[in-house]
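If you want the building blocks of each chain, they are given just below.
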Amino acid sequence: MSQWLEIPLKSLTLLIMLVGVLGVIVPIYPGIVVIWLVALGYGLAVGFGSLGGWLFALLTVLMLVGTLADNILMGTGARKKGASWYAIGAGLVAGIGVTILWPPFGGLIAAPIVLLLVEYLIKRNWKEAFDATRGLVLGCGWSYVIRLGIALLMVLIWVIWAWKG
């Protein structure tokens, strides 16, 4: 790649990655996937090289972990507080479905409400239903922190790749 294209390409890549981080902070679009796609585009444009190939593989693993983190942590949090698998599944389906209909926050509202209602219908106990919902919400909070950390780590790894690779 010619020298006069290197700085604008790196700057544009970094800018779009920061837009990806914004997508993690305000969950309007899948920010971690945006960061990964931009890294892929960068690698295809300039070549991966020996270090870049390994770092891109690491970025891929981080993207997969970050993408699955919210579902796993939310489900685990709810399950630890006694939620049934049926309620967790219903909350997950409601969260995904309502996110598609009313992004970005529809699913964040629908999942705990559906889990609460399904848990109540199963157990007929509001306290247990609220406890399970609290576990889901705490899992959501932890997944937010983890996804933000992963997004920032992905950008840092790309910076190392772009400027040291």
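Higher on the page you've got the structure.
Everything quoted here is computed from the prediction, not taken from an experiment. (Residues numbered from 1 in each chain as written. Predicted model: local features only at pLDDT ≥ 70, side-chain atom pairs only at ≥ 80, totals over all residues. Heavy atoms only, no water.)

Please set out the nonpolar core residue by residue, giving values where relevant.
Of all hydrophobic cores here, the largest spans 22 residues; its most connected members are L59, M154 and W161. Here this core takes eight residues from helix 6 (residues 126-164), the largest share from any one element. Listed in part, the ten residues of the second largest apolar core include M74, A87, I88 and L115. (Core = buried A, V, L, I, M, F, W, Y, C linked by side-chain atoms within 4.5 Å. Buried < 20%, exposed > 50% of the residue type's maximum accessible area, 1.4 Å probe, protein only. Helix = DSSP H or I, 4+ residues; strand = E, 2+ residues; numbered from the N terminus.)

Describe unusual backbone geometry, with residues and values.
Although it is not a glycine, R124 sits at a positive phi angle of roughly 55°. Along the chain, the position of R124 falls in the loop between helix 5 (106-123) and helix 6. For R124, a relative accessible area of 56% puts it in the exposed group.

Describe the packing of aromatic side chains, listing the residues and the values that go with them.
Two aromatic rings are characterised by how far apart their centres lie and by the angle between their planes. By the definition in use, this model includes nine aromatic pairs. On the basis of an interplanar angle of 85° and a centroid distance of 5.5 Å, the ring pair of Y42 and W161 is categorised as edge-to-face. Of the two residues, Y42 is situated in helix 2 (residues 31-46) and W161 in helix 6; the sequence distance between them amounts to 119 residues. Residue Y42 is classed as buried on the basis of its relative accessible area of 6%. Judged by its relative accessible area of 4%, W161 falls in the buried class. Relative to W126, the ring of Y120 has its centre 3.9 Å away and its plane inclined at 10°; by these criteria the two rings are stacked. For W126, a relative accessible area of 40% puts it in the partly exposed group. These aromatic residues form a ring-pair network of at least three members: W36, Y42, F48, F56, W158, W161 and W163. The residue whose ring lies beneath K10 is W163, and the NZ or CZ to ring-centre distance is 4.8 Å. (Phe/Tyr/Trp six-rings, centres within 6.5 Å; stacked < 30°, edge-to-face > 60°. Lys NZ or Arg CZ within 6 Å of the ring centre and 35° of its normal.)

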